[in-house]
Amino acid sequence: NNSIWLEVSIASAGTLAFTLTPGSTSINEDYDFFIFGPDVACGNIGQAIRCSTTNPAAANQGNNLTGLNSTETETSEGPGAEGNSFVSAIDVLAGESYFIVIDRPVGNSPFSLEWTGTASF
């Protein structure tokens, strides 16, 4: 469902965190994400180390943002009404790489990413 794969390589240690903001503020616009790593091959990525599949409309949220932040403690949430669309940031080291898979199961809006962690790429 309208998926994009990003590979990020960490240049300096810190936290990997972001806020994904859909272009539309409609609560029905739903983005999910999965993060794999560190240092996995595309053909053998294993289990996601972070994921959020919460549907913002089903969860009665006030917005449709999603991502990783430093205040959450869970590493996965969803599907549907379960969760609040944010999971915990990842402590990363220089030289590591991660795959971020972003999926839009509902809606047709583009999105933007704001990198909010302390690591650099």
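The structure this text deals with has already been given above.
Residues numbered from 1 in each chain as written. Predicted model: local features only at pLDDT ≥ 70, side-chain atom pairs only at ≥ 80, totals over all residues. Heavy atoms only, no water.

Draft legend 1. Broad picture of the packing of aromatic side chains. Scanning the entire structure with this criterion turns up 6 aromatic pairs. With a centroid separation of 4.8 Å and 70° between ring planes, the pair formed by Trp-115 and Phe-121 is classed as edge-to-face. The exposure class of Trp-115 is partly exposed, given its relative accessible area of 35%. Classification of Phe-121 as partly exposed rests on a relative accessible area of 43%. Feature note: the residues Phe-18, Phe-33, Trp-115 and Phe-121 constitute an aromatic cluster, connected by ring pairs. (Phe/Tyr/Trp six-rings, centres within 6.5 Å; stacked < 30°, edge-to-face > 60°. Buried < 20%, exposed > 50% of the residue type's maximum accessible area, 1.4 Å probe, protein only.)

Draft legend 2. Just unusual backbone geometry, in detail. A cis amide bond links Gly-37 to the next residue, Pro-38, at an omega of -5°. Position of Pro-38 relative to the elements: it lies in the loop between strand S4 (30-36) and strand S5 (50-54). With an omega of 5°, the peptide bond running from Gly-78 to Pro-79 counts as cis. Looking at where Pro-79 falls in the secondary structure, it is placed in strand S7 (residues 76-80). Within the chain, Asn-60 stands out as a residue other than glycine whose phi angle is a positive 55°. Relative to the assigned elements, Asn-60 resides in the loop between S5 and strand S6 (66-69). (Helix = DSSP H or I, 4+ residues; strand = E, 2+ residues; numbered from the N terminus.)

Draft legend 3. Molecular detail of the nonpolar core. Counting 18 residues, the largest nonpolar core has Phe-18, Phe-33, Ile-35, Leu-68, Ile-90, Val-92 and Tyr-98 as the members making the most contacts within it. Among the secondary structure elements, those contributing two or more residues to this core are strand S3 (18-22), S4, strand S9 (90-92) and strand S10 (97-106). In this structure Val-92 touches Ile-10, Ala-13, Gly-14, Thr-15, Leu-16, Tyr-98 and Ala-119, once residues within four positions along its chain are discounted. (Core = buried A, V, L, I, M, F, W, Y, C linked by side-chain atoms within 4.5 Å. Contact = heavy atoms within 4.5 Å.)

Draft legend 4. Here's a closer look at the sheet that holds S6. Ordered in space as S8-S6-S3-S11, the 4 strands form an open sheet in which the pairing is mixed. The open sheet is flanked by strand S8 (86-88) and strand S11 (111-115), the only strands paired with a single partner. On average, adjacent strands in this sheet sit at an angle of 20° to one another, irrespective of strand direction. Pairing between S6 and S8: 3 bridges, direction parallel. Among the inter-strand pairings, Leu-68 is bridged to a residue of S8, identified as Val-87. (Pairing = 2+ DSSP bridges. Axes fitted to C-alpha atoms, helices over the stretch in contact; angles between N-to-C directions.)

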